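Next come the chains, spelled out residue by residue.
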Amino acid sequence: MRQENTEAAAYWSANLKLIRNVLIVWALVSFGGGILFRPLLSGIAVGGTDLGFWFAQQGSIIVFIVLIFYYAFRMNALDRKHGADE
Amino acid sequence: MEQQTLIYLVVGATFALYVGIAVWAKAATTGEFYAAGRGIHPITNGMATAADWMSAASFISMAGLIAFVGYDNSTFLMGWTGGYVLLACLLAPYLRKFGKYTVPEFIGDRFYSQGARIIAVICLIVASVTYVIGQMTGVGVTFARFLQVDAATGLYIGAAIVFFYAVLGGMKGITYTQVAQYVVLICAYTVPAVFISLNLTGNVLPPLGLFSNTVQEGVPLLVRLDQVVTDLGFNSYTGHHTNTLNMVLFTMSLMIGTAGLPHVIIRFFTVPKVADARWSAGWALVFIALLYLTAPAVGAMARLNIMDTVQPGPVGVEGGSLTYEERPDWFRTWEQTGLIQFDDKNGDGRIQFYNDRNETFAAQAAEWGWEGNELTINQDILVLANPEIAQLPNWVVALVAAGGLAAALSTAAGLLLAIASAISHDLIKSIINPNISDKGELLAARISMTFAIVVATYLGLNPPGFAAQTVALAFGIAAASIFPALMMGIFSKRINSLGASAGMLSGLIFTVVYIFLYKGWMFLPGTNQFPDTAEYWVFGISPLSIGAVGAIVNFAVAYGVSSVTQEPPVEIQELVESVRVPRGAGGAVDH
C-alpha cells in the first residue's frame, strides 16, 4: 500500500509538471504573442502585418491543438509508466 | 432551379436526416439518455462537441465581429478556442473518471453538500437558459430570411425537430445528429470562403489567403484593407486600439467560461475511457479550428469586398462613391430585411460610408459635402450574405441557410440536455425522490426535456430585452462559479464544503453585480448605476471581461474559508485521489 501511494504521488506530480508546462506555452502564445508582446514582435513581418497579429488570429489556435495532442500523448505514456492506465 | 425551391430542398433534406437519426438512436436507459451509454468514439465525440460548442454566434456573428473591428476582436478567436486546452488538462479527463452524469453531481459529491449541488444547478440553469435563447432566436431569424416564413413559425418548426431527436434519443440521439450538423455547418461555412479567397487572393485556402497578396493590386490583403479603411476614417484593421488589460481579461473570461460551460463538459462523459476524453478534446479543437481559422479570413475579405463595393473610386473625389441606383442585388435583398440601411443625408444619390465619429476625418469629409455616414450594416449579415456578395451559385446560398440552422439547433440541443439532466438527475433523483427507478428517471428526464424545450421556445418567441447581453452573463457565470469549483475539486484536497459554497457564491455575486451595475439590474434599461462605457469601467475592465476577476474572487474566498475550517473527511480525500487516476479503483482507494 505504501508503495502504491508513492507511485500515485509520483504520477500526480509528473502530471502537474506537464500541465504547468502546457499552460506556460498556452499563455505565452495567446496572452503573450497575441496581445502583450505584440509590440516586441512588430519587427517580424507576416503577410502584410506582424507576427503578433498572426498569433492572435491563427498561431494561438494552431498551438492550442498541438498542445492538447501533446498533453494527451504524454499523459497516456505516464498512465502506462505508473500503471494508472485503464 | 429556383433559389427558393433549392433552399426548401436542402433544409428539408437536412431536417429529414436529423429525424431519421432520432428514430435510429433511441435511448433505452438513463445511461444512454445522459451519456450515450459511454460508447462514443473520441473522434466522433470531438465532432459532436464542435457542433455542440459552435453556436449561432460562432457561425453567424463571429466573422462580422472581426470584420468590423479587426485585430482587437481577436479575443473571440483565442478565447473560444483556448478553453479547450484548459478542458483537456484541467477538467475533462477527471470528470470522466468520476463517472457520473452531471456537473452539479460532481460538485455535490466532492463537496459533500446538497447546498453546493443546488448552487451549481442554479448556475447551470441560468447560464444554459440565457444561452439557449440566442440559439432559438437564431433559428427564427434564419427561417425568416431564407424560407420566407415568419420567425415564429420557423421557431416552432425548429423546436419540433429538436423535440423529436432530443426527447427520443437524449444524449445518444443528440450526439449523432450533432455529427451530421457539424458536417452541414462546416461545409456551409468553408465553401463560400474558399470561393471568396480564390477570387480575391488566388489562394484556395482562406487562412493562407488572409496573409497573401491580392490578385488585382498585388499587395498584401491586410495592407490594402488597412489602407482602404483608414482612408475612410475608420480605425486600422490590424492595429491595436483598445485597453490591453481589458483585452487580456476578456480573452481569459472566454477561455475559462468555455471550459466551465456544462453542456460542453458533459460531452466528455460519453467516451469510453479517460484517455479518450483527452484525445477527444484535441479532436474537438481540430474540428472547431476548421471554422475558427476560416472566420478571420472571411471577416477581412468580406470587409474589403464591402468597402470596395461602396467606394469604388478614390475617396473625396466627386463620383468616387457608389450611386444608390447602382447598388448590387445582395444590397437590395438585405435592405428589405432592414439589416442594411441607407439614408441619403446630403441628397447626392450616392452612398457615403465612413467613420463620422472620427472628428478630424468628419471635418475633412464635410469639405467634400458629406453630411454624415449614410450606411449602416448589421454585422450579423456578413456570413449569411457572403455567397450573394461573391455571386456564388444558388445551391451555396441554400447550404448556408442549412448551416446556420445546424449551428443553432446543435447548440440548443446540447444546452437543453444539460438543463434537462440537471432537473431530472440533480433535483428529482437526488433531492425529491431518491427511490425513483431507472425507468421512472428516464421518463422524468424526457418530461424535463420537453419542459425545457417549451420554456426555450417561449423565450425565443418573446426574447427578454436583454437577449443580446446574455452571452456575457452565461460566460461570466461559468467562469466565475462553475470552472473554479470544478478545478479546485480536482486539484485540491483541502477545499471543503463551506469553502466551495462560499467561493461559488462570492464569485457569482461579484460577477453578476458588476454586470448589472453597467447593464442594469436584471438588464432592465435605465436601472444601471453607471453608463456602460470605457471611462466608467473600473481599471477599464468591461462587464464582459469580469468573469476572469470573478474566478479569482472565487478561488481566493474558497481557499480562505477552507483554510480556517475543518478539512474534508477522509472518504472525500480518497474520492479526489481516485478521480486523479484513470485506472478503475486506483491504489489510493485501497484502505
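Residues numbered from 1 in each chain as written. Chains lettered and ligands numbered in written order. Predicted model: local features only at pLDDT ≥ 70, side-chain atom pairs only at ≥ 80, totals over all residues. Heavy atoms only, no water.

Got a sec to walk through the overall build of chain A? Specific residues and values, please.
Helix and strand counts for chain A come out as two helices and two strands. Its helices and strands in sequence order give chain A the pattern α-β-β-α, from N to C terminus. Whereas a compact globule of 86 residues would reach a radius of gyration of roughly 12 Å, chain A reaches 18 Å, over 25% beyond that. A principal-axis box enclosing the C-alpha atoms of chain A has dimensions of 60 × 20 × 15 Å. Within chain A, buried positions represent 48% of all 86 residues. Counting contacts in chain A only where the partners sit at least 6 residues apart, residues at least 24 apart contribute 57% of the total. Surface summary for chain A: the accessible area is close to 4200 Å², and the carbon and sulfur share equals 66%. (Helix = DSSP H or I, 4+ residues; strand = E, 2+ residues; numbered from the N terminus. Rg over C-alpha atoms; globule rule 2.2 N^0.38 Å. Buried < 20%, exposed > 50% of the residue type's maximum accessible area, 1.4 Å probe, protein only. Contact = heavy atoms within 4.5 Å. Areas by Shrake-Rupley, 256 points an atom, 1.4 Å probe, with all protein chains shown as cover.)

Let's hear about the overall build of chain B: which residues, and what values?
What chain B contains, in helices and strands, is 22 helices and two strands. For chain B, the C-alpha radius of gyration of 25 Å lies close to 25 Å, the compact-globule estimate for 591 residues. Counting across all 591 residues of chain B, residues that qualify as buried make up 62%. Partitioning the intrachain contacts of chain B with sequence separation of at least 6 by distance along the chain shows that 80% fall at a separation of at least 24. Measuring between centres, the 27 positive side-chain charges of chain B sit 17 Å from its 37 negative side-chain charges. (Lys, Arg positive; Asp, Glu negative; His and termini not counted. Charge placed at Lys NZ, Arg CZ, Asp CG, Glu CD.)

Give a description of the interface of chain A and chain B that names residues and reports values.
Taken together, the contacts link 43 residues of chain A with 54 residues of chain B. Both faces considered, chain A and chain B share a buried interface measuring about 4400 Å² in area, 72% of it formed by carbon and sulfur atoms. For the pair chain A and chain B, the number of links is two salt bridges. In this structure, D79 of chain A and R278 of chain B form a salt bridge, with 2.9 Å as the shortest nitrogen-oxygen distance. (Buried area = accessible area lost by both parts, 1.4 Å probe. Salt bridge = Lys/Arg side-chain N within 4 Å of Asp/Glu carboxyl O.)

If you had to explain the side chain of E105 of chain B to someone new, which residues and values would you point to?
Residues and elements named next belong to chain B. Following the sequence through the fold, E105 ends up in helix 6 (residues 103-110). Of the side chains with opposite charge, R117 lies nearest to the buried E105, which makes no salt bridge, at 4.3 Å. Within the structure, the side chain of E105 is placed 3.0 Å from the side chain of H425, a separation counted as a polar contact. Residues within four places of E105 in sequence aside, it is in contact with F98, K100, R117, H425 and D426. (Polar contact = N/O pair within 3.5 Å; in protein donor to acceptor, adjacent residues only side chain to side chain.)

I'd love a proper account of the nonpolar core, names of residues and values included.
In this structure, W53, F59, L91, Y292 and M449 of chain B are the most contacted members of the largest nonpolar core, which totals 229 residues. By residue number, the principal contributor to this core is helix 17 (residues 394-432) of chain B, which donates 22 residues. (Core = buried A, V, L, I, M, F, W, Y, C linked by side-chain atoms within 4.5 Å.)

Hey, could you go over helix 14 (residues 329-336) of chain B for me, with residue numbers and the actual values?
Because an α-helix completes one turn every 3.6 residues, residues spaced three or four positions apart along the sequence face the same direction. Residues and elements named next belong to chain B. Buried within helix 14 we find W330, F331, W334 and E335. Burial along helix 14 is one-sided: seen end-on, the buried residues are contained in an arc of 135 degrees. In helix 14, the exposed residues that point more than 90 degrees away from the buried face are D329 and Q336. Directly after helix 14, the chain includes G338, whose backbone phi takes a positive value near 80 degrees. (Arc of directions from axis to C-beta.)

Describe in detail helix 10 (residues 221-231) of chain B, supporting the description with residues and values.
What helix 10 of chain B keeps buried is the set L221, L222, R224, L225, D226, V228 and V229 of chain B. On its buried face, helix 10 of chain B sits against strand 2 (49-50) and helix 2 (51-81) of chain A together with helix 8 (151-201), helix 9 (206-209) and helix 13 (274-310) of chain B.

Break down the pattern of salt bridges for me, with residues and values.
All names here are of chain B. One pass over the full model with this rule turns up 11 salt bridges over all chains. Between D532 and K519 there is a salt bridge, with the nearest N and O atoms lying 2.8 Å from each other. Residue D532 is located in the loop between helix 20 (497-519) and helix 21 (546-564), and its partner K519 is located in helix 20; the two are separated by 13 residues in the primary sequence. Among the residues examined, D532 registers a relative accessible area of 28% and is labelled partly exposed. The network of salt bridges with shared partners includes E217, R224 and D308.

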